[in-house]
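Listed below, chain by chain, are the residues.
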Amino acid sequence: MQSDDSRNTQDGSLLTSEKRQHFRVEDVIPVILKRAGGDCSSMKPSILSGFHATGEASKGFEDIPDDSIHPKVWKMLVDIDTKLNLLLDQLYLDREGMTTADRQAVSLSAAGIRLKTPDRYEVGDCVEVRMHLATQFSFWVIVYGRVARVERVSANAFSVAVRFNEMDEEIRDKIYQHTLRRQREIIRTRGLPQE
């Protein structure tokens, strides 16, 4: 875990003139990075809608509408609806390639992400980042940004840093909650006695 409040210069001294509002955490998550065509600044981030793993399955569908439907039949209908929604969610994830997304080490904050990729990117490239995150529930979030830094780390791998575009508070908060949860896990793990 590393603070994202300030930055070091190449000689190791601290830059205090550039303050960041978000802290950075190391994590291993399923993530997909790809180039995005079009005007990057107009692309809107999103939490994948319609996904019922967020605890909203059949929301508002629990109460029996009237006495014309037997409660056991209603419960069966609710269960069928929940299972169908989960199947549809899985089909969508399959179609978008998210079920095969590789888990990889990332450095993540609500402002950006750094990860390794075999693909070469240039500084300024517009990219789409799909991340599987978890707070109380797990979910996929799609954000857009520009490549801020690229470093070759091996013959066929690059370390790519992406600065996210502006996003609404809900999505930024979801990323922030995920990084907080991960930070707590790291602190808890470090606090345990070594065996």
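Residue positions are given per chain, counted from 1 along the sequence in the order it is written. Restriction of local features to residues with pLDDT of at least 70 applies here, the model being predicted, together with a cutoff of 80 or more for giving and counting side-chain atom pairs; totals for whole chains, interfaces and linings are based on all residues. To get the side-chain values, all heavy atoms of the structure are used, and hydrogens and water are removed first.

Asker: What's the story with the nonpolar core in this structure? I'm lost.
Answerer: Taken as a class, soluble globular proteins show a tendency for nonpolar side chains to be buried jointly. One finds Ile113, Val129, Met131, Val143, Phe164 and Ile175 to be the most contacted residues of the largest nonpolar core, which totals 24 residues. Counting from the N terminus, the helices are the DSSP runs of H or I reaching at least four residues and the strands are the DSSP runs of E reaching at least two. Secondary-structure elements contributing two or more residues to this core are strand E3 (25-35), strand E5 (103-108), strand E6 (112-117), strand E7 (126-134), strand E8 (138-154), strand E9 (157-164) and helix H2 (169-191). Pairs of residues are marked as contacts when any of their non-hydrogen atoms sit within 4.5 Å. Beyond its immediate sequence surroundings of up to four residues, valine 129 is in contact with Val31, Ile32, Leu33, Ile113, Val141, Ile142, Val143, Val162 and Phe164. Nonpolar cores were defined as sets of buried Ala, Val, Leu, Ile, Met, Phe, Trp, Tyr and Cys residues, with membership established by side-chain atoms within 4.5 Å. Here's how the labels work: a residue is buried when its accessible area is under 20% of the maximum for its type, exposed when over 50%, partly exposed in between, all with a 1.4 Å probe on protein chains only. Core analysis: the second largest hydrophobic core is formed by 10 residues, Ile32, Cys40, Cys126 and Ile142 among them.

Asker: Can you help me understand the state of the cysteines in this one?
Answerer: Covalently bonding the sulfur atom of one cysteine to the sulfur atom of another cysteine gives a disulfide. Only a pair of cysteine sulfur atoms within 2.5 Å qualifies as a disulfide here. For the coordinates displayed, the defined rule picks out one disulfide. Bridging cysteine 40 to cysteine 126, the disulfide has an S-S length of 2.3 Å. Here the disulfide of cysteine 40 and cysteine 126 is right-handed, its torsion about the S-S bond being about 80°. Of this pair, cysteine 40 sits in the loop between E3 and strand E4 (46-47) while cysteine 126 sits in strand E7, and the two are 86 residues apart along the sequence. Each member of the pair, cysteine 40 as well as cysteine 126, is classed as buried.

Asker: Which parts of the structure should I look at to understand the pairing of E3?
Answerer: Across a regular strand the side chains alternate sides, sitting on one face of the sheet and then on the other. Strands are treated as partners if at least two bridges between them are detected by DSSP. Sheet topology note: the E3/E5 ladder contains six bridges and is antiparallel. Across the sheet, the residue bridging to glutamate 26 is serine 107, located in E5. Taken together, the five bridges between E3 and E7 define a ladder with antiparallel strand orientation. Bridged to isoleucine 32 within E7 is arginine 130.

Shape is all these values report; function is a separate question.
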